[in-house]
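Below, each chain spelled out in residue letters.
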Amino acid sequence: MSHQLTNNTIIKNLIGFSRHYCAQTLTSQGVDSIDFGHWLAIPSQRLLLVFRHQQCVAIDEYQLAA
């Protein structure tokens, strides 16, 4: 549980940074991510980093499809 909280703190601090920086930071922390479109998905946290003009502008939660 504490590992997940640490990852959320790391993830919340990514707002404002570039897509490349975010992906690199997640990789260095051992957090898997999937890059697609204007998003960077973090399946282990069920989060999406949302990018506009290659800059992280929001973090959204998502539900798994049935």
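In short, a report on the structure. Not measured: the values here are computed from a predicted model.

**Digging into the pairing of strand β2 (residues 39-42)**
Part 1 of the reasoning: Bridging between strand β1 (residues 34-36) and β2 involves three bridges; their strand directions are antiparallel. Bridge pairing in β2 places Ile-34 opposite Ala-41.
Part 2 of the reasoning: Here β1 folds back onto β2 in antiparallel fashion, the turn holding two residues, of which Gly-37 has a positive phi close to 50°.
Part 3 of the reasoning: Pairing of β2 with strand β3 (residues 47-52), which is carried by four bridges, proceeds in the antiparallel orientation. If you follow Leu-40 over to β3, its bridge partner there is Leu-49.

**Notes on the packing of aromatic side chains**
Part 1 of the reasoning: All chains considered together, the criterion is met by two aromatic pairs.
Part 2 of the reasoning: With a centroid separation of 4.4 Å and an interplanar angle of 25°, the aromatic rings of Phe-17 and Tyr-21 are classed as stacked.
Part 3 of the reasoning: Look at Tyr-21 and you get partly exposed, because its relative accessible area is 35%.
Part 4 of the reasoning: Note on Phe-36 and Trp-39: the rings are 5.8 Å apart at their centroids and 40° apart in plane angle, and the pair reads as tilted.
Part 5 of the reasoning: Its relative accessible area of 39% is what places Phe-36 among the partly exposed residues.
Part 6 of the reasoning: With a relative accessible area of 34%, Trp-39 lands in the partly exposed category.

Thresholds, definitions, all that
- Residues numbered from 1 in each chain as written.
- Predicted model: local features only at pLDDT ≥ 70, side-chain atom pairs only at ≥ 80, totals over all residues.
- Heavy atoms only, no water.
- Pairing = 2+ DSSP bridges.
- Helix = DSSP H or I, 4+ residues; strand = E, 2+ residues; numbered from the N terminus.
- Phe/Tyr/Trp six-rings, centres within 6.5 Å; stacked < 30°, edge-to-face > 60°.
- Buried < 20%, exposed > 50% of the residue type's maximum accessible area, 1.4 Å probe, protein only.

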